[in-house]
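Tertiary structure, described
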Amino acid sequence: MGVPGFFRWLVNRYPLTRQNMHDPSQPRFNNLYIDMNGILYKAAEITHIKENRLTPDFAAEMCRYLDMLVQFCRPTDTLFIAVDGCAPSAKNLQQRSRRFKSGHDMHPGSFDRCNFTAGTPFMNDINNYLLKFIKEKKQNDSAWRTPKVVYSSSFVPGEGEHKILDWIRSCRHQSNWKPNMTHILYSTDADLIFLTLRTHEPYFSILREADSSAYQKPKEKFEYSETKMKWDADAFEILNINLVREYLSVDFNVKGEELEKTIDDFVAISFLVGNDFIPEFSDIVIQKGSFNTIINCFKEVRTKRNNEHLIINGDFNKSFLKELFTKIVSELENVYNEQNEKNPEKISYEQYNRNYILSKYPDQKDNYDALIKDMAFNIFNAFYWVLQYYESGCPSWIWSYRYHYSPPLQLVIPFIDQYEPHFELGTPTRPLLQQLFVLPPQSAD
């Protein structure tokens with residue numbers, strides 16, 4: 001799902017990071033990583049699939065699109081193809097919510113997108129088809145024969161993009177890892193910007209569809225006989241993460257190791273504007289300028305603390321976090337006061353936040369303090385869980401955020417010093433159990 005509005009925020013704040021796929025200055029890529037999730041949904045959209053089985057036109061479109069990306073990028077070292085497997089429990093909660101809504105809105109006789117869940121017959125057929133397709137391309141196509149091809153199927157647990165990042169982290173620790181390689185990752189999620197920054201690789205790019213004009217009239221060579229639509233490279237753009245790194249260097253006035261540490265800080269504060277594992281904060285909306293406020297507050301606190309960092313040795317600096325949250329809340333309170341200055345029934349910002357929580361949990365009025373404390377600890381768990389998930393892999397397959405809503409930031413500040421992280425690793429959910437958890441009644445078949 002990514003972070004709503006973040007991509008637009010990034011390219012507006014840091015222009016020139018976008019590049020057309022046909023730009024002659026495009027580098028050669030050593031490694032191409034493909035998250036298949038977006039391709040599956042795109043193939044369903046293009047072919048207007050109705051049947052809940054793998055049809056010839058869907059399979060052809062899926063493979064044509066996959067082959068097109070390989071032909072565009074022509075990796076020289078590694079081609080990594082990842083399909084979503086069973087996700088951590090933290091992600092399953094979001095998947096359950098989305099699938100139940102999808103099931104409620106589904107029309108009789110339409111294609112059930114819950115087929116794209118690990119372990120379904122549909123995904124098992126996709127796995128078999130992709131294995132056959134990859135084998136044929138390795139034998140007959142030089143663009144596929146040149147790189148080492150790694151395929152991580154839906155039987156391998158983990159989200160596709162995180163399996164890719166786990167692979168990169170493991171390879172970086174090997175003696176034959178080549179520094180300064182060029183990497184390109186195809187995915188539609190904005191949180192891939194954070195994940196690729198977190199690798200600290202100097203030459204990373206993200207490949208994505210440019211906009212709705214990506215659907216082209218038939219005119220182009222990447223096609224199968226059964227395909228419904230045609231594409232060309234003008235439909236794609238590259239987000240140059242190496243240029244994002246340069247912009248961050250200028251924006252925060254840092255270089256070298258200080259840049260790498262600041263990137264870790266930047267990724268960590270992004271958790272406040274959204275991720276796939278906790279509900280959005282009611283008082284922080286990136287489209288209304290909240291992230292600019294957060295960035296400015298971070299800069300002020302960092303300067304005040306003599307360029308200290310929010311993340312130290314892979315962990316949150318609690319005193320920095322507390323001061324940063326306090327500064328952000330102060331700015332949010334000023335906005336609230338300005339907007340309600342002429343309101344004759346104006347209440348304090350703290351009371352406003354309290355009322356928000358009680359409106360969501362009216363039966364907890366007599367247990368308000370305990371509720372806020374538990375919600376605060378859950379939020380801190382989420383911050384620490386995502387921090388580790390982005391840095392070193394899944395810290396717990398069984399942890400999840402327990403509430404439908406996030407508490408306003410002001411209410412969690414008093415509990416920062418009390419919190420200590422603890423996670424039980426657990427084991428990935430099996431496909432059948434995950435289906436029982438996330439699929440709505442409409443998908444019982």
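In this text the structure is predicted, and so the values were computed from the model without any measurement. For every chain, the first residue of the written sequence is number 1, and numbering continues from 1 onward in sequence order. Under the rules for a predicted model, residues below a pLDDT of 70 receive no local features and side-chain atom pairs below 80 are neither given nor counted, while totals for whole chains, interfaces and linings still include all residues. Only hydrogens and water are set aside; all other atoms, that is, all heavy atoms of the structure, feed into the side-chain values.

Things to note about unusual backbone geometry
Where we set the bar: Residue exposure (1.4 Å probe, protein chains only): buried if accessible area is under 20% of the type maximum, exposed if over 50%, otherwise partly exposed. Numbered from the N terminus, helices here are DSSP runs of H or I no shorter than four residues, and strands are runs of E no shorter than two.
The backbone phi angle of Asn306 is positive, close to 55 degrees, even though this residue is not glycine. Look at Asn306 and you get exposed, because its relative accessible area is 69%. Although it is not a glycine, Asn313 adopts a positive phi angle of roughly 55 degrees. One can find Asn313 in the loop between strand 8 (311-312) and strand 9 (315-316). Asn313 sits in the exposed class, given a relative accessible area of 80%.

Some remarks on the environment of Ile39
Quick reminder of the rule: Pairs of residues are marked as contacts when any of their non-hydrogen atoms sit within 4.5 Å.
Turning to its location among the elements, Ile39 is positioned in helix 2 (residues 36-47). Residue Ile39 is classed as buried on the basis of its relative accessible area of 0%. Considered as a pair, Ile39 and Cys73 are 34 residues apart in the sequence and their alpha carbons are 16 Å apart. Residues in contact with Ile39, not counting those within four places in the same chain, are Ile34, Met62, Tyr65, Leu66, Leu69 and Tyr186.

Description of the packing of aromatic side chains
What counts, and what does not: The rule is short: rings of Phe, Tyr and Trp, with Trp giving its six-membered ring, pair when the centres are within 6.5 Å, and they are stacked under 30 degrees, edge-to-face over 60, tilted in between. Whether a charge sits over a ring comes down to the Lys NZ or Arg CZ being within 6 Å of the ring centre and within 35 degrees of the ring normal.
By the definition in use, this model includes 44 aromatic pairs. With a centroid separation of 5.8 Å and 75 degrees between ring planes, the pair formed by Phe252 and Phe298 is classed as edge-to-face. Residue Phe252 is located in helix 9 (residues 241-252), and its partner Phe298 is located in helix 11 (residues 290-304); the two are separated by 46 residues in the primary sequence. The exposure class of Phe298 is buried, given its relative accessible area of 1%. One aromatic cluster is present, formed by Phe271, Phe281, Phe316, Phe325, Phe377, Phe380, Phe383, Tyr384, Tyr390, Phe415 and Tyr419 through successive ring pairs. When the ring centre of Phe7 is taken as origin, the NZ or CZ atom of Arg208, which lies over that ring, is 3.6 Å away. The ring of Tyr368 is capped by Arg354, whose NZ or CZ atom sits 4.1 Å from the centre of that ring.

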